[in-house]
Amino acid sequence: MVIQNKFRHIATTLAAAASLTVMAHGAQAQEYELNYGHMNSPTSVVGLQADWLAEEVAKNTDGAVKIDVYPSSQLGKIQELAEGVSMGSIALSHNTAGALSSLYEDFGVLDTPYLYRDYDHLMKVVDINSPVMAELNQGLIDNTGMRVLYAFYFGTRQLTANMAVKTPADLAGVKIRAIPSPVYLTAVEGLGAAPVPVDWSEVPTALATGIVQGQENPVNVAVDHKLYDVQTHMMLTGHISAAEIVVINEDLWQSFPQDIKDAITKAAETVRMKASQMILDKEAGDLAKLKEAGMTIIGPDDGLDVAAFRAGVEKLVHERFDDKFGKYYEAIAAVE
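Residues numbered from 1 in each chain as written. Predicted model: local features only at pLDDT ≥ 70, side-chain atom pairs only at ≥ 80, totals over all residues. Heavy atoms only, no water.

S.K.: Break down the overall build of the protein chain for me, citing the residues and quoting the values.
M.R.: When helices and strands are counted, the protein chain shows 12 helices and 10 strands. Scaling as 2.2 N^0.38, a compact globule of 336 residues should have a C-alpha radius of gyration of about 20 Å, and the protein chain matches this with 20 Å. Projected onto its principal axes, the C-alpha positions of the protein chain cover 70 × 45 × 35 Å. When each of the 336 residues of the protein chain is scored for burial, the buried share is 53%. The protein chain carries 25 positive and 43 negative side-chain charges, and their two centres are separated by 1 Å. (Helix = DSSP H or I, 4+ residues; strand = E, 2+ residues; numbered from the N terminus. Rg over C-alpha atoms; globule rule 2.2 N^0.38 Å. Buried < 20%, exposed > 50% of the residue type's maximum accessible area, 1.4 Å probe, protein only. Lys, Arg positive; Asp, Glu negative; His and termini not counted. Charge placed at Lys NZ, Arg CZ, Asp CG, Glu CD.)

S.K.: Explain helix H6 (residues 131-144) residue by residue, including any values.
M.R.: Relative to the 20 Å expected for 14 residues at 1.5 Å per residue, H6 spans 20 Å between its end C-alpha atoms, a close match to the ideal helical length. Among all positions in H6, only Val132, Met133, Leu136, Asn137, Gly139, Leu140, Ile141 and Thr144 are buried. (Expected span 1.5 Å × (residues − 1).)

S.K.: Could you give me a rundown of the nonpolar core, with the residues and numbers involved?
M.R.: Leu53, Phe107, Leu110, Leu149 and Ile245 are the most contacted members of the largest nonpolar core, which has 99 residues in total. Counting residues per element, this core draws most heavily on strand E5 (residues 146-161), which supplies 10 residues. Excluding residues that lie within four positions of it along the chain, Phe107 makes contacts with Ala97, Leu100, Ser101, Met133, Leu136, Asn137, Leu140, Val148 and Ile245. Of all hydrophobic cores here, the second largest spans six residues; its members include Val183, Tyr184, Ala187 and Ala242. (Core = buried A, V, L, I, M, F, W, Y, C linked by side-chain atoms within 4.5 Å. Contact = heavy atoms within 4.5 Å.)

S.K.: Please provide a residue-by-residue account of the environment of Pro42, values included.
M.R.: Mapped onto the fold, Pro42 is located in the loop between strand E2 (31-37) and helix H2 (45-60). Judged by its relative accessible area of 35%, Pro42 falls in the partly exposed class. Sequence-wise, Pro42 and Asp224 are 182 residues apart; in three dimensions their C-alpha atoms are separated by 9.8 Å. Setting aside its immediate chain neighbours within four residues, Pro42 contacts Gly47, Leu48, Asp51, Pro71 and Ser72.

S.K.: Now, about the packing of aromatic side chains: what can you tell me, with residues and values included?
M.R.: Under the criterion given, the structure shown has seven aromatic pairs. Ring geometry for Phe321 versus Phe325: centroids 5.7 Å apart, planes at 10°, classification stacked. Residue Phe321 and its partner Phe325 are both found in helix H12 (residues 306-334); the two are separated by four residues, about one turn of the helix. Through successive ring pairs, a cluster of aromatic residues spans Phe321, Phe325, Tyr328 and Tyr329. Here the guanidinium or amino end of Lys274 rests over the ring plane of Trp52, the centre of that ring lying 4.1 Å away. (Phe/Tyr/Trp six-rings, centres within 6.5 Å; stacked < 30°, edge-to-face > 60°. Lys NZ or Arg CZ within 6 Å of the ring centre and 35° of its normal.)

S.K.: Describe the pattern of salt bridges, listing the residues and the values that go with them.
M.R.: On inspection of all chains with the given rule, the structure shows 14 salt bridges. Note that Lys66 and Asp68 form a salt bridge whose closest N and O atoms lie 3.6 Å from each other. The exposure class of Lys66 is partly exposed, given its relative accessible area of 46%. Overlapping salt bridges, with partners in common, bring together Glu33, Lys66 and Asp68 in one network. (Salt bridge = Lys/Arg side-chain N within 4 Å of Asp/Glu carboxyl O.)

S.K.: Account for the side chain of Gln49, with residues named and values stated.
M.R.: Here Gln49 shows up in helix H2. Engagement of the side chain of Gln49 in a polar contact is seen with the backbone oxygen of Val46, the distance being 3.2 Å. Beyond its immediate stretch of four places on either side in the chain, Gln49 contacts Tyr36, His94, Tyr150, Phe152, Val246, Val271 and Ala275. (Polar contact = N/O pair within 3.5 Å; in protein donor to acceptor, adjacent residues only side chain to side chain.)

S.K.: Break down empty space enclosed by the protein for me, citing the residues and quoting the values.
M.R.: This model, assessed by the stated rule, comprises one cavity of 30 Å³ or more. Of the pockets and cavities examined, the largest cavity occupies roughly 130 Å³. Ile78, Thr96, Phe154, Trp200 and Asn217 are the residues nearest the centre of the largest cavity, which is lined by 13 residues in total. Breaking the lining of the largest cavity down by element, the ones donating at least two residues are strand E4 (92-96) and E5. Partitioning the lining of the largest cavity into residue classes produces six nonpolar, four polar and three charged. (1 Å grid on protein atoms, 1.4 Å probe; cavity = no way out; pocket = protein on both sides within 12 Å on 5 of 7 lines; lining within 4 Å. Points joined across faces, edges and corners; volume = space filled by probe spheres on them. Nonpolar A, V, L, I, M, F, W, Y, C, P; charged D, E, K, R; others polar.)

In structure tokens form, the structure reads like this:
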């Protein structure tokens, strides 16, 4: 669903006070207090980067901008966080591109499975100054009233389950949690499983109670959220390399003077690089931690048929998304 601009503008104007407090002190510069809500643990890299942003922005603005961070879905579930930024009740949040596609469909292209050549290719595509991201960002602004502030590497998504899986046939009838968005549901179905849309805040319970038998996420998420307590196996399918997208309400952004925008942009670039590098550096160590915690890791050397998984996923992607996203796929492939 795309929010119509005229209604969004009215709603954002009415809600702006909920995400922004402006304090004036005579002739001194204005001070701003913003809320940043997200769904992750405050000790995860994804959660920590929100705190780093708050610190960098405070430093760059000499304390004129304060960001209050609310982790662990305190301000809402995944969909509610995106809608909150769009409507103006939340100033900032982060989300997957696939989740943002519920508000602006084209954004889902960034989370297409098996899309990027490598880490460097992904990071170049999701840079806010790349032609692809610039076009998508403008569409996000026009249709939802929020803009991309920055995007950082979230990791490469792997499959976990309470059973050994080596081929798509092994997943027949197996219920696997998927982010409630078309591209993620397609990815899980292409892997051979029965996708079940479950909000992240409900995943631990869904796994523990058997509502789903598995899920898919980067290894850092499996470590940070102790998924080894409720999952026995991780399969290195590597089906989605993804960035986490940090968004800010557009009307709020436009209310800032240029020096504040510049200070926040500088902070965003610092945090983007720090968080991306930390997650990249942690990947090998996180796999070792999962093994130490008793999880069985299955990769190509153990008989995992990655080519078969890739073929199944790509078949569905072509059937469902080529007509919608073909121009983006060409532009992404052209990024050097």
